[in-house]
Amino acid sequence: NSNNNVTHVVNDEKTASSAEYHRLWPEIERVTKEQIKYAQMGLGNDAWHLFAEEGEMKMYRREEEVNGLVVDPLKACHVVKGVTAHEMCHYFFSPQYRYDWETTLEHMTVVENISDDTLIFLQLHKRIWPATQRDALFWSHIRQVPPNEPGVRDIWIVVNNSTELPKHPPDNKKCIRLFLTVCLLCQTIVSSPKEGASITRDNLTCKITYCSVVNPGGWAPASVLRAVYKREYPKFLKRFTAYVIDQCKNKPIMF
Ligand code: 18C
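Residues take numbers from 1 onward in each chain, read along the sequence in its written order. For this predicted model, a pLDDT threshold of at least 70 governs which residues receive local features, and a threshold of 80 or more governs which side-chain atom pairs are given and counted, while totals over whole chains, interfaces and linings are taken from all residues. As a rule here, side-chain values cover all heavy atoms of the structure and leave hydrogens and water aside.

A. Inspection of the overall build of the chain at higher detail. Tallying secondary structure elements over the chain gives five helices and twelve strands in all. The size measure is the radius of gyration over C-alpha atoms, and the globule rule it meets is 2.2 Å times the number of residues to the 0.38 power. The globule rule puts the C-alpha radius of gyration for 255 residues at 18 Å, and the 20 Å found for the chain is close to it. Expressed as a percentage of the 255 residues in the chain, the buried residues total 49%. In this description, contact between two residues means that some pair of their heavy atoms is separated by no more than 4.5 Å. Taking as baseline every contact in the chain between residues at least 6 positions apart, the subset at least 24 positions apart corresponds to 63%. The secondary structure listing takes helices from DSSP runs of H or I that are at least 4 residues long and strands from runs of E that are at least 2 residues long, numbered from the N terminus. Categorising residues by exposure relies on relative accessible area from a 1.4 Å probe, with only protein chains included: less than 20% of the type maximum marks a residue as buried, more than 50% marks it as exposed, and the intermediate range marks it as partly exposed.

Written out as structure tokens, the structure reads:
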């Protein structure tokens, strides 16, 4: 009967293991490939300005404006011990941990579950005086990337990129929709354990590249915005990496 047919179609969609039949797939594929390239080229030839440094963590930005709005691109590198690239990306991607480490959030919901590796998030961020509150609607995609250098065991990436959904249009009165393109690319390096011993967390090093471009979407005072950047990005990367190390310390290694 027709009911069975409907069930059949729904099941077919559900059993597709990736997002590759989704309307957003061509964009997800394109932006993810771009972000992998962008993260892997390091600082390239562009004029990046170091604005924060602490231990292994280094953060660079370029001052850029679009139509009078500050959109400074940010690139950060960090090196942490004892965790894998997959673990880092798992905690960055998965909604159940988001409130644990993301301090700019007021509210977060998953508005579409495209597949195990691709979700659409709606996030309401804390208001910064004197600006209007911001929200963000973006797809988030996690994947493994083939390693491209000797010594690197594996690479994982999470890409977050703003999108639109008729069900969740911007309000733009009480709240302005911002636009973001963010990636977290992580590489696992494993040192050889002593002869006969097995790999432990002491053998793991995770190299992190975090890239971000946030367009505030509407007027925001440039000086306040740059001050927020300077404070929030280092705070985020320190807090997030410490969180993942802490979450993983008594768990089996997830490669
Ligand atoms: O990548 C990060 N997080 C991901 C999961 O949440 C995801 C989200 C990124 C959103 C970034 C934009 C957040 C803006 C929030 C404004 C309020 C924050 C201040 C809170 C003060 C208590 O990819 C980690 C993101 C790390 C956050 C860095 C902050 C960047 C600031 C950008 C400013 C944007 C415009 C703000 C409005 C005007 C301010 C005068």
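B. Broad picture of the nonpolar core. Note on terminology: a nonpolar core comprises buried Ala, Val, Leu, Ile, Met, Phe, Trp, Tyr and Cys residues joined through side-chain atoms within 4.5 Å. Met88, Phe92, Tyr210 and Phe240 are the most contacted members of the largest nonpolar core, which has 45 residues in total. When residues in this core are grouped by element, the largest group, nine residues, is from helix α5 (residues 222-248). With near-sequence residues (within four places) excluded, Phe92 lies in contact with Arg98, Trp101, Val158, Asn160, Val182, Leu184, Tyr210, Phe236 and Phe240. Listed in part, the 22 residues of the second largest apolar core include Leu24, Ile36, Val111 and Ile157.

C. Fine view of the pattern of salt bridges. The rule for a salt bridge is simple: a side-chain nitrogen of Lys or Arg has to be within 4 Å of a carboxyl oxygen of Asp or Glu. A full pass over the atoms with the stated rule returns 17 salt bridges. Notably, a salt bridge pairs Lys238 with Glu54, separated by 2.7 Å at the nearest N-O pair. With Lys238 in helix α5 and Glu54 in strand β1 (residues 49-54), this residue pair connects regions lying 184 residues apart in the sequence. Among the residues examined, Lys238 registers a relative accessible area of 34% and is labelled partly exposed. One continuous salt-bridge network, built from bridges that share partners, spans Arg61, Glu63, Glu65, Asp72 and Arg226.

D. Focus on the site of the ligand. In this text, near means that some heavy atom of the residue lies within 4 Å of the molecule or strand in question. Looking at the ligand, there are 24 residues lining it, with Glu102, Gln123, Lys126, Asn160 and Tyr210 nearest. About the coverage of the ligand: the protein hides 95% of its 890 Å² of free accessible area. Secondary-structure elements contributing two or more residues to the shell around the ligand are α4 (98-101), β7 (118-125), β11 (179-190), β12 (204-215) and α5. Broken down by element, the shell around the ligand gets its largest block of residues, five residues, from α5. Partitioning the shell around the ligand into residue classes produces 14 nonpolar, four polar and six charged. Per-residue accessibility takes into account occlusion by the displayed protein chains alone, with areas from the Shrake-Rupley method and a 1.4 Å probe. Residue type decides the class: Asp, Glu, Lys and Arg count as charged, Ala, Val, Leu, Ile, Met, Phe, Trp, Tyr, Cys and Pro as nonpolar, and the leftover types, Gly among them, as polar.

E. Summary view of the packing of aromatic side chains. Put simply, two rings from Phe, Tyr or Trp (the six-membered ring, in Trp's case) pair if the centres are within 6.5 Å, and we call them stacked under 30 degrees between planes, edge-to-face over 60, tilted for the rest. Taken as a whole and assessed by the stated rule, the structure comprises 13 aromatic pairs. Ring centres 6.0 Å apart and planes at 85° place the aromatic pair Tyr91 and Tyr243 in the edge-to-face group. A residue pair is termed long-range when its members are at least 10 positions apart, and Tyr91 in helix α3 (residues 85-93) and Tyr243 in helix α5 qualify at 152 residues. Classification of Tyr91 by relative accessible area gives buried; the value is 5%. Of the residues examined, Tyr243 reaches a relative accessible area of 13% and is grouped as buried. Seen in terms of ring centroids, Phe92 and Phe240 are 5.6 Å apart; in terms of plane orientation they differ by 70°. Their pairing is edge-to-face. You can see Phe92 sitting in helix α3 and its partner Phe240 sitting in helix α5, a full 148 residues away along the chain. Across the pair, Phe240 and Phe92 agree in class, each one buried. Through pairs of rings, three or more aromatic residues link up here, namely Phe92, Trp101, Tyr210, Tyr229, Tyr233, Phe236 and Phe240. Any Lys NZ or Arg CZ found within 6 Å of a ring centre and within 35 degrees of that ring's normal is scored as a charge over the ring. Above the plane of the ring of Phe51 lies Arg61, whose end atom (NZ or CZ) is 5.3 Å from the centre.

F. Fine view of the side chain of Thr84. Tracing the chain through its elements places Thr84 in the loop between β5 (74-81) and α3. Within the local environment of Thr84, its side chain forms a polar contact with the backbone oxygen of Met254, the two atoms lying 2.7 Å apart. Two N or O atoms count as a polar contact when they lie within 3.5 Å, although within protein this holds only if one can serve as hydrogen donor and the other as acceptor, and sequence-adjacent residues are included solely when both atoms are side-chain atoms.

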